[in-house]
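# Summary of structural features
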Amino acid sequence: MQLPPEPPDFNQPTADQPSSHQPPAYQPLPPPPPAYEPPPVPPAYPPPSSPGSSAYEGPSALTPRPRRLLPLVAIGVLVGAIIGGAVGATLVADRQKTGSGNGTPYIAAPNASGGSTTAGGISAAAIYQQTSPGVVVIVTELSANFRNVGEATGSGIVLNNNGDILTNEHVVSGARQIRVTFKDGTTVAGTVAGTDASDDLAVIRVSGAGSHLHPLVLANSDAAQIGDPVLAIGTPFGLAGSLTSGIVSGLGRSSTSPSGRALTGMIQTDAPINPGNSGGPLLNAKGEVLGVDESIQSPVQGSVGVGFAVPINTAKRVISSLEAGQAVQHPWLGISGQTITQSLADSLSLPKSSGVLVVQVVTGSPAAKAGLHGTGSADSGDDILTAVDGHQITSVEALTTYLDTRKVGDTVTMTVVRGGKTMSLKATLADFQQQPTGG
């Protein structure tokens, strides 16, 4: 039997290579460079610097909520720990299609060669060039007490040439000072013109910005459809002027506002958004503002493709009040309820398989004055709300959606099932923000 030949000795000299200083045929590769090492050149759109170390507060710093929603504010901790805000949205009617104040009409950018395009054929790069000057970085100085100081970073949308900028309420909540940075790096001071915690919206105002103001056009968010292409511009993790893309992946989502009020109508998107995107625009294929980026659902304190934006039609309903510094009223019934499903109806032996189970009624609320009953825990002794003013109520979201079409002081007629019997009760709606608790 013939043995296989010995493997060659790569350390032996060859005919065309001298033996001195002969390297082995295989040498280990040098250590790889860092995964990402940014160049020392400052970016064209520099975010304001934050002294001290940085951290991004996640769900552990917030009151737990269903779906683990995270507010999109990047918190830079200077001394101690600072807690950010929360989330919000609501359904409204269209106020003005072309935007607020002195906003200019949208001018379609010419198709550019190369780059990804939206479904409408407009280059994402062209939309970014058209709209990014109207997106700002908002940095607020926060202080819980003399030992806890930090900065929160979010984004904002230029509304008009008067210096009004739309953002989230949780971006400016608790701010002692506000700095607004434009795309060219110019930074000016800002002040809060008005806030609406129940919609998680706010308007801040800057002066002396002049030529830096580039108002964006507000779309009609009621026309949005699942599958529509969208773009998001903001400051995720302090990376100002970042652009991401995706689609509308859901409509009519619900959440809870910073004030604790139930919210409906949120736009869901898979465009990656992260802490620092709060208050920035979610743009449609024309470069119009479809929504205000506001929160994400994530188990890892970062984007997993489930983000939420306040519909811009919600903002249209309240912008004029916020610009004028007026309080925004929200109709409030005063219950904590639970959507009835078939499984819930079966487990509690309820006489109805749909509607809202009135679990708790807030003392002194319109619901209490109307005579609604709730035991404090979900059981068969609770009232079931099935309709308001003849409009069928199949869920808590449907109830909030309908109440948002009414005004504070309106009287509504509720259809209620109690002990298997149907009755009508009337309630006069109050202002939610005047109430310390409730749903």
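Residue numbers restart at each chain and count upward from 1, following the sequence in its written direction. It should be noted that, the model being predicted, local features are given only for residues of pLDDT at least 70 and side-chain atom pairs only at 80 or more, the latter also being counted only at that level, while totals for whole chains, interfaces and linings use all residues. In computing side-chain properties, one takes all heavy atoms of the structure into account and sets aside hydrogens as well as water.

## Things to note about the environment of D228
Just so we agree on the cut-off: Each helix is a run of H or I in the DSSP string that is no shorter than four residues. Each strand is a run of E no shorter than two, and both are numbered from the N terminus. For this analysis, residues touch if any pair of their heavy atoms sits within 4.5 Å.
Mapping D228 onto the fold places it in the loop between β8 (201-206) and β9 (229-234). Sequence separation between D228 and G246 is 18 residues; the distance between their C-alpha atoms is 8.5 Å. Among residues more than four places away in sequence, those in contact with D228 are A223, G246, I247 and V248.

## Quick notes on the pattern of salt bridges
To keep things clear, this is the line we draw: Salt bridge, as applied in this entry: a Lys or Arg side-chain nitrogen positioned within 4 Å of an Asp or Glu carboxyl oxygen. Note on classification: 1.4 Å probe, protein chains only; a residue is buried when its accessible area is under 20% of the maximum for its type, exposed when over 50%, partly exposed between these limits.
One pass over the structure, following the stated rule, counts seven salt bridges. Notably, a salt bridge pairs R205 with D164, separated by 2.6 Å at the nearest N-O pair. With R205 in strand β8 and D164 in strand β5 (residues 164-167), this residue pair connects regions lying 41 residues apart in the sequence. On the basis of relative accessible area, R205 is assigned to the partly exposed category, the value being 31%. Measuring nitrogen to oxygen at the nearest pair gives 2.8 Å for the salt bridge that ties R418 to D383. Here the residue R418 occupies a position in strand β20 (residues 411-418), and D383 occupies one in the loop between α5 (366-370) and β18 (384-388), the gap between them amounting to 35 residues. Residue R418 is classed as partly exposed on the basis of its relative accessible area of 24%. Taking the relative accessible area as the measure of exposure, D383 reaches 0% and is therefore buried. Put simply, D389, R406 and D410 are held in one network by salt bridges that share partners.

## Quick word on the nonpolar core
Just so we agree on the cut-off: Residues enter a nonpolar core if they are buried and are Ala, Val, Leu, Ile, Met, Phe, Trp, Tyr or Cys, with the set joined through side-chain atoms within 4.5 Å.
Judged by nonpolar contacts, the single largest core of 27 residues is most densely connected at L166, L201, V289, V292 and I312. Of the residues forming this core, the biggest block, five residues, is contributed by helix α3 (residues 312-323). L201 has contacts with L166, T167, N168, E169, T195, D196, V292, V310, T314, A315, V318 and L322, leaving out every residue within four places of it along the chain. One finds V356, V358, L385 and L403 within the second-largest nonpolar core, a separate group that totals 20 residues.

## A word on the environment of G390
With respect to the helices and strands, G390 occurs in the loop between β18 and β19 (391-392). Residue G390 is classed as exposed on the basis of its relative accessible area, which comes to 70%. Separated by 25 residues in the primary sequence, G390 and T415 have C-alpha atoms spaced 7.8 Å apart.

## Some points on unusual backbone geometry
The backbone phi angle of S349 is positive, close to 55 degrees, even though this residue is not glycine. With respect to the secondary-structure elements, S349 resides in the loop between α4 (342-348) and β17 (356-361). Of note in the backbone geometry, D389 takes a positive phi value of approximately 55 degrees without being a glycine. Here D389 lies in the loop between β18 and β19.

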